Amino acid sequence: MNFMDLFKQVDINKEIKEYKGLSGAVLLDVRTPSEYSEGHIEGSVNIPVQTIRNAEDVIENKETPIYVYCYSGSRSSQAKAMLSRMGYKNVKNIGGISAYSGKVVK
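Residues numbered from 1 in each chain as written. Predicted model: local features only at pLDDT ≥ 70, side-chain atom pairs only at ≥ 80, totals over all residues. Heavy atoms only, no water.

Student: Got a minute to help me understand helix H4 (residues 74-85) in this structure?
Tutor: An α-helical turn contains 3.6 residues, so any two residues separated by three or four positions project in the same direction. With twelve residues, H4 should cover 16 Å at 1.5 Å per step; its first-to-last C-alpha distance of 17 Å lies within 8% of that length. The complete set of buried residues in H4 reads Ser76, Ala79 and Leu83. One face of H4 carries all of its buried residues, which in axial projection span an arc of 60°. Directly beyond the C-terminal end of H4, a positive phi value near 105° is found at Gly87. (Helix = DSSP H or I, 4+ residues; strand = E, 2+ residues; numbered from the N terminus. Expected span 1.5 Å × (residues − 1). Buried < 20%, exposed > 50% of the residue type's maximum accessible area, 1.4 Å probe, protein only. Arc of directions from axis to C-beta.)

Encoded structure:
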């Protein structure tokens, strides 16, 4: 990673398209349960960042591609770091649902 990588914006829409093309990948929403119930990306799993340790109960294989999002990208960044420390090898912070242009489900 170079200095300019720090300023790149993640395109959640592009990342969702990539996620959908990967068999076995997990789309992880780390917002609160109430935020999740207000609208989330179809197919996502809700594990709030405060309880990210529970990911091991849901995602057993540490090689599984995990695409993490929240509202703005801040909590998903924290969750990515925590998941990496837990031994997950293929974790991607895809930013915030606030920039998502696709359909959300309730």
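Student: Can you help me understand the nonpolar core in this one?
Tutor: When a protein is soluble and globular, its nonpolar side chains tend to lie buried together. Counting 16 residues, the largest nonpolar core has Leu28, Val30, Ile52, Ile66, Val68, Leu83 and Tyr88 as its most contacted members. A total of three residues in this core trace back to one element, the largest contributor, which is strand S4 (residues 66-70). In this view, Val30 contacts Ile47, Pro48, Val49, Ile52, Val68, Tyr69, Cys70, Arg75, Ser76 and Ala79; residues no more than four positions away in its chain are not counted. Residues Ile12, Tyr67, Ile94 and Ile97 belong to the second largest nonpolar core, which totals eleven residues. (Core = buried A, V, L, I, M, F, W, Y, C linked by side-chain atoms within 4.5 Å. Contact = heavy atoms within 4.5 Å.)

Student: How should the pattern of salt bridges be read in this particular structure?
Tutor: For side chains of opposite charge, pairing can occur when their charged atoms come near one another. Scanning the entire structure with this criterion turns up five salt bridges. Note that Asp29 is salt-bridged to Arg31, the shortest N-O span being 2.8 Å. For the pair shown, Asp29 and Arg31 are each scored as buried. The network of salt bridges with shared partners includes Glu15, Glu18 and Lys92. (Salt bridge = Lys/Arg side-chain N within 4 Å of Asp/Glu carboxyl O.)

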